[in-house]
Structures are given as C-alpha cells and as structure tokens.
Amino acid sequence: MRTLYHTPLSPYCRKIRILLREKELEFELTQENFWDRRLEFFALNPAGEVPVLLEPDGAAISGNYAIMEYLEESYRDANKRFIGGSITERAEVRRLVDWFDRKFDWEVTQNILFEKVFKRLLRCGEPQSDAIRAGKKNILYHLEYIAHLTREHRFLGGDMLTLADMAAAAHLSALDYLGDVPWEHNAKAKEWYALMKSRPSLRAVLIDRIPSFQPPEHYENPDF
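Below: a short report on this structure. These numbers were taken from a predicted model, which means no experiment stands behind them. (Residues numbered from 1 in each chain as written. Predicted model: local features only at pLDDT ≥ 70, side-chain atom pairs only at ≥ 80, totals over all residues. Heavy atoms only, no water.)

## Describing the overall build of the protein
To keep things clear, this is the line we draw: Per the convention used, a helix needs a DSSP run of H or I reaching at least four residues, while a strand needs a run of E reaching at least two, with both numbered from the N terminus. Radius of gyration: C-alpha atoms only; globule rule: 2.2 Å multiplied by the number of residues to the exponent 0.38. Only protein chains enter the accessibility calculation, which uses a 1.4 Å probe. A residue is then buried if its area is under 20% of the maximum for its type, exposed if over 50%, and partly exposed in between. Only heavy atoms enter the contact rule, under which two residues are in contact if any of them lie within 4.5 Å. Using the Shrake-Rupley algorithm and a 1.4 Å probe, accessible areas are obtained, with residue cover drawn only from the displayed protein chains.
Of the regular secondary structure elements, the protein holds 8 helices and 4 strands. Of the regular secondary structure in the protein, the N- to C-terminal order runs β-α-β-α-β-β-α-α-α-α-α-α. Taking 224 residues into account, the globule formula puts the C-alpha radius of gyration at 17 Å, and the protein, at 17 Å, falls close to it. Its C-alpha atoms give the protein principal-axis dimensions of about 45 × 45 × 30 Å. For the protein, the proportion of its 224 residues judged to be buried stands at 49%. Pairs at least 24 residues apart make up 67% of the contacts formed inside the protein by residues separated by at least 6 positions. Accessible surface computed for the protein: about 11,100 Å², of which carbon and sulfur atoms make up 50%.

## Focus: the pairing of strand 1 (residues 3–6)
Put simply, the rule is: One bridge is not enough; two strands pair if DSSP finds at least two bridges between them. The path from the first strand over the helix to the second decides the hand: if it runs clockwise while the strands point away from the viewer, the crossover is right-handed.
Of the two faces of strand 1, both are covered, the one formed by T3 and Y5 as well as the one formed by L4 and H6. Taken together, the 4 bridges between strand 1 and strand 2 (residues 28–31) define a ladder with parallel strand orientation. Within the sheet, the bridge partner assigned to T3 lies in strand 2 and is E28. Since strand 1 and strand 2 lie parallel, the crossover through helix 1 (residues 11–22) that links them has a hand, and here it is right-handed.

## Digging into the packing of helix 3 (residues 64–74) against helix 4 (residues 87–122)
Counted only if it meets this: Helix axes are fitted only over the stretch in contact, all axes being lines through C-alpha atoms; the angle between N-to-C directions runs from 0 to 180 degrees. An angle below 35 degrees is read as roughly parallel, one above 145 as roughly antiparallel, one from 65 to 115 as roughly perpendicular, and any other as oblique. Here a crossing is called left-handed whenever its near helix is offset anticlockwise from the far helix by less than a right angle, and right-handed whenever the offset is clockwise. Under the scheme applied, nonpolar residues are Ala, Val, Leu, Ile, Met, Phe, Trp, Tyr, Cys and Pro; charged residues are Asp, Glu, Lys and Arg; polar residues are all the others, including Gly.
One way to put it is that helix 3 packs onto helix 4 with a least axis distance of 13 Å and a crossing angle of 150 degrees. Between helix 3 and helix 4, the angle is such that the two are roughly antiparallel. Seen from above, helix 3 lies across helix 4 with right-handed handedness. Residues N64, Y65, M68 and E69 of helix 3 touch helix 4, and the partners they reach there are R94, V97, D98 and D101. Residues belonging to the contact of helix 3 with helix 4 are distributed by class as follows: 3 nonpolar, 1 polar and 4 charged.

## Observations concerning the sheet that holds strand 4 (residues 60–62)
What the 4 strands build is an open sheet, ordered 2-1-3-4; its pairing is mixed. At either end of the open sheet lies a strand with only one pairing partner, and these are strand 2 and strand 4. Ignoring which end each strand starts from, the neighbouring axes of this sheet average 20 degrees apart. Sheet topology note: the strand 1/strand 3 (residues 52–54) ladder contains 3 bridges and is antiparallel. Bridge pairing links L4 to L53 in strand 3. Across the sheet, helix 1 lies against strand 1, strand 2 and strand 3, angled at about 155 degrees from strand 1, the strand it touches most. Packed onto the sheet, helix 3 meets strand 3 and strand 4 and runs at close to 125 degrees relative to strand 4.

## Some words on helix 5 (residues 129–149)
We apply this condition: A helix's residues, less one, multiplied by 1.5 Å, set its expected span.
Over its 21 residues, helix 5 extends 31 Å from the first C-alpha to the last, a length consistent with the 30 Å expected when each residue adds 1.5 Å. Of the residues making up helix 5, those classed as buried are A131, I132, G135, I139, H142, L143, Y145, I146, A147 and L149.

This is how it looks when you write it as structure tokens:
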C-alpha cells in the first residue's frame, strides 16, 4: 500500500494529501513526529522532514515539491491533471504554488503556526508575540491577493482546480484550525475557501484533531 508519512498540521503534508485524494489514489497515513529524529525515518529522507511518500514498489519520494511533481508526472489521467495545460499555464501554477509555499509561509504561516504550535512541539522557546502580530497583519494582504485572483475565475489559476489552490488551502486550513484566519475581512477569499471546503479531498484533511488544540466551530463547515 502507498504510504504518506505526515504531520497533521503541516501545510506541505496537507497539500500532498489533497492531491492524492484528487487523483483518487489509495494511500495510508503514518504520522511522523519529525522532531523525534527517528533513524528509520532518516533512512527514508536524510533531511528528516515530512512529507515522505513511500510507493508500493518501495520507492521513497521526499520533499513536497518533488512529491507533487512526481504524482503529476506518474499519474497522467487527463481528468486529474492539476498543473495546467500549456507551458504558460504550468509556469503560472508553479509561480502560485511558490507564492504560498514560500512567500505566504514566510510572512504568515511561520509567524503564526510555527510560533503557536511547532515551537511547543520542538521545545525551542516561547511564542513571540511580535511575530504572531506580524503574521496576523500579513495575512490580510494575502487574502486580498486571493480575492484578486478569483474575481474573474473560480480558482486561483483559472477556472479549473490546480496545485495552486491545494497549496493555498493547505496553509489556510492549518491556520484556520487555530482560528487565525480573519474571514470576516474578505468575503471573496472566504467564498473561494468555501468552494475548496466543499471538496472531499479537503474535508478528509479537516477531520484531523491535535491534542491540546481544538479548532473553532466553523472549521469543518463549508457554509461558515
């Protein structure tokens, strides 16, 4: 059986989980507390990071970008391609994935999710209030960008679901678990996220629960 080693609140793991379900590929989840630094896990990925995809033939694919591209190249069903058709479309999807996995992550996710959750798990100090405030300020601009991208299209990269939507939804769902997405400030971004929450692929992620943290009541509800 295909196995995905993951950490529940990791946006990068969530993105791959969404993609696997959108491609209708069967897989099992194995939770990996990467901070435990298990030698067996380092054998799969020398970086000691999640996600890692273990294929039925024993091949271990590590790194969220590598897994994403691997799945797109390996499973080419025309109705389940999420990187765009033309070379220009593919470039735009990759740009948007990079936007959320690098820029959004640096300006928002690291300032909120890392400070509130992963610092505790990694035992590397107390949350920094200045960082959390910066993340909450920065997210407003990113919600506006999502609204801008969806004013003329259903999804971020156009009228079809792409990896860009999966990346954005993965980050936002992790932050929303903490109640730190101010949806009331941007109705258009909220409308797009409601569309994403209506998809079974994201709903399967939203059932996760983390000890010591409970999500807000609206967390799983597409009509929030």
